[in-house]
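Observations on the model geometry
One-letter residues, chain by chain:
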Amino acid sequence: MIAKLLKLQPPKSLTSDEAKRAPLAIEGLSVAYHHKPVVWDLSFVAPEQGLVAVVGPNGAGKSTFIKAALGLIPKLSGEITVYGKPVDQQRKLIGYVPQRGSVDWDFPASALDVVTMGLYGKIGWLRPVRKAHKQEALSYLEKVGMADFADRQIGQLSGGQQQRVFLARALAQDALLYFMDEPFVGVDAATERAIINILKRLKDQGKTVICVHHDLQSAPDYFDHALILNVRPVASGPMAEAFTSENLQRAYGGRLAPSELSGLVSMASE
Ligand SMILES: Nc1ncnc2c1ncn2[C@@H]1O[C@H](COP(=O)(O)OP(=O)(O)OP(=O)(O)O)[C@@H](O)[C@H]1O
């Protein structure tokens, strides 16, 4: 019924080889809150060693897509595989930097504790954390310029500092596939550069990062692939192919002026 209302096309089928190799392969994903679809019939294959910007207007379902891909919320339908296996079996391969607003900052943990949590997959949940683990966690805080704040309670850090700590935790997880939900929101220019350098380093190491990103101006600079959605998928692929004025217009409707669109798209095709 809903499918008829939304005039849905059947999802494009993935070849099994494509799905097996892909860091993330999604076919026909639909998610609803209280019977209202907020992600509809999304099929998407993430490239290996890619930096993917997930863009779309407010309420387009970007965070919902990330949470569903991680298996954190139930889906109505669809198949999700990470390197060819169901996401539940591949948790150790996945790192996640949540949206800042979704974290309980009163949680009594220091910056170092938060990063050490990223090592639990390696340490084992019920095993003691040793000095060497703390040293390793500290080395990740150093990478994001936060070693001086190791003992600070996370609630007593600024927004940008909190974001750096969560990036350090993601690095500690040593994952192959990373999901980040708006890591650039509320950070200063230096932190933004630090984050983008980390993304590039992860890519150089052969990893894939899927990142909800709001700033259309910087998207073509920071990322090499795009997934554009507005409840339904609009386009996905290499930046120069997906990030076109037609696709952005389809996703954002009248919310982007033609002059803004042409500027953005020329950046993507450079
Ligand atoms: N827990 C929830 N219960 C009910 N509705 C929700 C819930 N979370 C999100 N929604 C709704 O689902 C839709 C998609 O939300 P989502 O957060 O995925 O969008 P988004 O593209 O990430 O938005 P933004 O750019 O504003 O962060 C919105 O209409 C939102 O109001």
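Everything discussed here concerns the structure shown above.
Residues numbered from 1 in each chain as written. Predicted model: local features only at pLDDT ≥ 70, side-chain atom pairs only at ≥ 80, totals over all residues.

**Some points on the nonpolar core**
In terms of nonpolar packing, the biggest core is built from 76 residues, with Val52, Val115, Ala168 and Ala226 touching the most fellow members. Each residue touching Ala168, except ones within four places of it in the same chain, is listed here: Val115, Tyr140, Leu141, Lys143, Val144 and Met146. (Core = buried A, V, L, I, M, F, W, Y, C linked by C-beta atoms within 7 Å. Buried ≥ 20, exposed ≤ 12 C-beta atoms within 10 Å, placed from the backbone. Contact = placed C-beta atoms within 7 Å.)

**A short note on the sheet that holds strand S5 (residues 85-86)**
Spatially, S2-S1-S4-S5 is the arrangement adopted by the four strands of the open sheet, whose pairing is antiparallel. The outermost strands of the open sheet, each flanked by one partner alone, are strand S2 (36-46) and S5. Where strand S1 (residues 24-33) lies against S2, seven bridges are found, and the strand directions are antiparallel. Directly across from Ala32, in S2, lies its bridge partner Pro37. (Pairing = 2+ DSSP bridges. Helix = DSSP H or I, 4+ residues; strand = E, 2+ residues; numbered from the N terminus.)

**Some remarks on the site of the ligand**
Around the ligand, the structure places Tyr33, His34, Val38, Gly56, Asn58, Gly59, Ala60, Gly61, Lys62, Ser63 and Thr64. For the shell around the ligand, the leading source of residues is helix H3 (residues 62-69), giving three residues. In terms of residue class, the shell around the ligand is built from three nonpolar, seven polar and one charged. (Near = placed C-beta within 6 Å. Nonpolar A, V, L, I, M, F, W, Y, C, P; charged D, E, K, R; others polar.)

**Observations regarding helix H11 (residues 245-252)**
Of all the positions in H11, only Asn247, Leu248 and Ala251 are classed as buried. Viewed along the axis of H11, the buried residues span an arc of 95°, placing them on a single side of the element. Downstream of H11 by one or two residues, Gly253 has phi in the positive range, about 60°. (Arc of directions from axis to C-beta.)

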